[in-house]
Amino acid sequence: HGKKFQIISQIEENTYKVERKGKTYFYRQFPNDYPSFLAFINNHKRLINNGIRCPKIKYKDKKNYSVVLEFIEGETVFDLLRKGDLSEKIYDLSC
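Computed from a predicted model, the values in this text were never measured in an experiment.

Chemist: Looking at this model, I keep getting lost on helix α1 (residues 34–49). Mind explaining?
Modeler: Quick reminder: α-helices carry 3.6 residues per turn. Residues three or four places apart thus point the same way. For α1, with 16 residues, the first-to-last C-alpha span of 22 Å sits near the 22 Å given by 1.5 Å per residue. Its buried side turned inward, α1 meets β4 (57–61) and β5 (66–70). Among the residues trailing α1, Gly51 stands out with phi positive, at a value near 80 degrees.

Written as structure tokens, this is what we have:
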């Protein structure tokens, strides 16, 4: 995508909290793994199409299999799952 980001911290392997022009973003890379990159993009679209609020994708780099999304401060779904703090509502996302 040609845009430069400063890494603030590593969240997980190939996943970073980054900054550009005073704004914070979520950066995810799928090294040499086009199928996972494509699945991430398609799953993101599916969530949005099913009314699930998600961070907006700001940049997609199809050459380097990476994506930059809005960064939303706070707990993740995985944090809530670990704490058992999620609603009982189940979403069928199969399309």
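The structure having been displayed, the exposition proceeds.
Chemist: Explanation requested: the environment of Tyr65 in the structure shown.
Modeler: Mapped onto the elements of the fold, Tyr65 is located in the loop between β4 and β5. Sequence separation between Tyr65 and Pro35 is 30 residues, and the spatial gap between their C-alpha atoms is 9.4 Å. When sequence neighbours within four positions are dropped, the list of residues in contact with Tyr65 reads Arg28, Gln29, Phe30, Asn32, Asp33, Tyr34 and Phe37.

Chemist: Help me out: how do you make sense of the sheet that holds strand β3 (residues 23–29) in this one?
Modeler: One key point about sheets: their strands pair by backbone hydrogen bonds, in either a parallel or an antiparallel sense. Strand order in the open sheet made by the five strands is β1-β2-β3-β5-β4, with antiparallel pairing throughout. Single-partner strands in this sheet number two, and they are β1 (6–12) and β4. This sheet shows a mean twist of 25 degrees between the axes of neighbouring strands, independent of strand direction. Sheet topology places strand β2 (residues 15–20) next to β3; six bridges connect them, and they run antiparallel. From the neighbouring strand, Lys17 faces β3, where its bridge partner is Phe26.

Chemist: How should the packing of aromatic side chains be read in this particular structure?
Modeler: Two descriptors summarise a pair of aromatic rings, namely the distance from one centre to the other and the angle between the planes of the rings. Overall, the coordinates contain nine aromatic pairs when judged by the stated rule. Measuring from centroid to centroid gives 6.1 Å for Tyr34 and Phe37, while their planes differ by 40 degrees, and the two rings are tilted. Highlighted residues: Tyr34 and Phe37, both in helix α1, separated by three residues, approximately one helical turn. Grouped by ring-pair contacts, the aromatic residues Phe30, Tyr34, Phe37, Phe40 and Tyr65 constitute a single cluster.

Chemist: So what exactly am I meant to see when it comes to the pattern of salt bridges here?
Modeler: Here the idea is simple: oppositely charged side chains can pair when their charged atoms come close. Under the definition given, this model contains one salt bridge. The partner of Glu73 in a salt bridge is Lys17, and the shortest N-O contact between them spans 3.5 Å. Here the residue Glu73 occupies a position in the loop between β5 and α2 (77–83), and Lys17 occupies one in strand β2, the gap between them amounting to 56 residues. Residue Glu73 is classed as exposed on the basis of its relative accessible area, which comes to 62%.

Chemist: In this structure, what is going on with unusual backbone geometry? I would like to understand it.
Modeler: The phi dihedral of Lys21 falls on the positive side, at around 50 degrees, and the residue is not glycine. Within the secondary structure, Lys21 is located in the loop between β2 and β3. What makes Lys21 exposed here is its relative accessible area of 75%. Positive phi, normally seen in glycine, also occurs at Asn32, with a value near 50 degrees. Tracing the backbone through its elements, the reader meets Asn32 in the loop between β3 and α1.

Conventions adopted
Residues numbered from 1 in each chain as written. Predicted model: local features only at pLDDT ≥ 70, side-chain atom pairs only at ≥ 80, totals over all residues. Heavy atoms only, no water. Helix = DSSP H or I, 4+ residues; strand = E, 2+ residues; numbered from the N terminus. Expected span 1.5 Å × (residues − 1). Contact = heavy atoms within 4.5 Å. Pairing = 2+ DSSP bridges. Axes fitted to C-alpha atoms, helices over the stretch in contact; angles between N-to-C directions. Phe/Tyr/Trp six-rings, centres within 6.5 Å; stacked < 30°, edge-to-face > 60°. Salt bridge = Lys/Arg side-chain N within 4 Å of Asp/Glu carboxyl O. Buried < 20%, exposed > 50% of the residue type's maximum accessible area, 1.4 Å probe, protein only.

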